[in-house]
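What follows is the residue order along each chain.
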Amino acid sequence: MKCIIIDDEPLAIDVVESYLKQMGGMDIVAKCTNPLEAITLLNKHSVDLVFLDIEMPNLSGIDLVKSIENLPQFIFTTAYPQYALDGFNLNATDYLVKPIPFHRFIKAVTRAKEKYELEHLQPASGMPAPIGAFQKQENDFIFVKSEYENIKIKTENIIYVQGLKDYIKIHIEGTNKAIITLLSFKDMMDKLPGNNHFMRVHKSFIVNVNSIKALQKTKIVLQNDMRIPIGETFKKDVLERLGV
């Protein structure tokens, strides 16, 4: 994968570069301390992944993302955890908070590589693509069976999913009635798109990251003021994912 590192602090660039060299498999095509110059670099070079600081002079990393069409995958690298939700709303592949632990960096880059491989997956000549191989990248909806019919649900409207033994309750934005379907929790996880918007936070709950309003010590507060518990075994991953 070809990547660009953008950060107004040279030492921060050195850290990312050092981590990438230790991991291998990444080609650093450019490094930039000026976000305005970075736009020129991104238009000039064909890249697969951008490591991007947020608070920079003249142009923030968030504004840079908003100003470029067809931006490749990007990972925010910042000292400010309060922008984590903004990052996920912009479809950031990951959000890393400085000082960045190496194990956390590995996890983020591995996620980027997996996404890259899925997007560039090509079936062998004359062989059909595996069923569902591209579904999570292309579809923004799922079908679930409920009350003798298959209901189409736009995934962006899902606020959270609750598991109840053999049943699943899907809570949809703008409605007080949840959709109940006979599915296992694993089957529901497999149905949801692999775009980083959905996160398991408890053995019985999946939440849409875009629906999160606040994070408490043991609970997640959603836009509808629903409070979802954070399971102890999921707490570390939740905090890392949200950059807290």
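Residues numbered from 1 in each chain as written. Predicted model: local features only at pLDDT ≥ 70, side-chain atom pairs only at ≥ 80, totals over all residues. Heavy atoms only, no water.

Here we come to the packing of aromatic side chains. Applying the stated criterion to the full structure yields eight aromatic pairs. Centroid distance Phe 74 to Phe 76: 5.2 Å. Interplanar angle 75°. Geometry classified as edge-to-face. The burial state of Phe 74 is the same as that of Phe 76; both residues are buried. Counting every residue linked through ring pairs, the aromatic cluster contains Tyr 19, Phe 51, Phe 102 and Phe 105. For Lys 152, the ring lying beneath its charged end belongs to Phe 141, and the centroid distance is 4.4 Å. (Phe/Tyr/Trp six-rings, centres within 6.5 Å; stacked < 30°, edge-to-face > 60°. Buried < 20%, exposed > 50% of the residue type's maximum accessible area, 1.4 Å probe, protein only. Lys NZ or Arg CZ within 6 Å of the ring centre and 35° of its normal.)

Moving on, we come to the pattern of salt bridges. A complete count under the given rule lists 12 salt bridges for this structure. Put simply, Glu 17 and Lys 31 hold a salt bridge, and the shortest N to O gap is 3.2 Å. One end of the pair, Glu 17, is in helix α1 (residues 10-23); the other, Lys 31, is in strand β2 (residues 27-32), with 14 residues separating them in the sequence. A single network of salt bridges, built from pairs that share partners, joins Asp 94, Arg 104, Lys 107, Arg 111, Asp 237 and Glu 240. (Salt bridge = Lys/Arg side-chain N within 4 Å of Asp/Glu carboxyl O. Helix = DSSP H or I, 4+ residues; strand = E, 2+ residues; numbered from the N terminus.)

Take the sheet that holds strand β11 (residues 198-202) next. Reading across the sheet, the five strands line up as β10-β9-β8-β12-β11 and stay open at both edges, with antiparallel pairing between neighbours. Unpaired on one side and paired on the other, β10 (179-181) and β11 mark the two borders of the sheet. Averaged over all neighbouring strand pairs, the angle between strand axes comes to 20°, with direction disregarded. (Pairing = 2+ DSSP bridges. Axes fitted to C-alpha atoms, helices over the stretch in contact; angles between N-to-C directions.)

Glancing now at the nonpolar core. The biggest cluster of nonpolar side chains holds 38 residues, and the ones touching the most others in it are Phe 76 and Val 207. Setting aside anything within four residues of it in sequence, one finds Val 207 in contact with Ile 159, Tyr 160, His 197, Phe 198, Met 199, Val 201, Ile 212, Ile 220, Leu 222 and Ile 228. Ranked by size, the runner-up nonpolar core spans 17 residues in total, among them Cys 3, Ile 5, Phe 105 and Ala 112. (Core = buried A, V, L, I, M, F, W, Y, C linked by side-chain atoms within 4.5 Å. Contact = heavy atoms within 4.5 Å.)

We now examine the pairing of strand β14 (residues 219-222). In terms of strand pairing, strand β13 (residues 212-215) meets β14 through three bridges, oriented antiparallel. Bridge assignment links Ala 214 to a residue of β14, and that residue is Val 221. The hairpin turn running from β14 into strand β15 (residues 227-229), its antiparallel successor, is four residues long, and Asp 225 in that turn takes a positive phi close to 70°.

On to the packing of α1 against helix α5 (residues 102-119). Put simply, α1 and α5 touch, their axes get as near as 11 Å, and they point 70° apart. Overall, the two elements α1 and α5 adopt an arrangement that is roughly perpendicular. The chirality of how α1 crosses α5 is right-handed. Where α1 abuts α5, its residues Val 16, Tyr 19, Leu 20, Gln 22 and Met 23 lie against Phe 102, Phe 105, Ile 106, Val 109 and Thr 110. Tallied by class, residues from the contact of α1 with α5 come to eight nonpolar, two polar and no charged. (Parallel < 35°, antiparallel > 145°, perpendicular 65-115°, else oblique. Left-handed = near helix turned anticlockwise from the far one by under 90°. Nonpolar A, V, L, I, M, F, W, Y, C, P; charged D, E, K, R; others polar.)

In this section: the environment of Val 50. Here Val 50 shows up in strand β3 (residues 49-52). For Val 50, a relative accessible area of 1% translates into the label buried. Residues Val 50 and Thr 77, spaced 27 residues apart in sequence, show a C-alpha to C-alpha distance of 10.0 Å. If we skip the residues at most four places from it in the chain, Val 50 touches Ile 4, Ile 6, Leu 42, Pro 72, Gln 73, Phe 74 and Ile 75.

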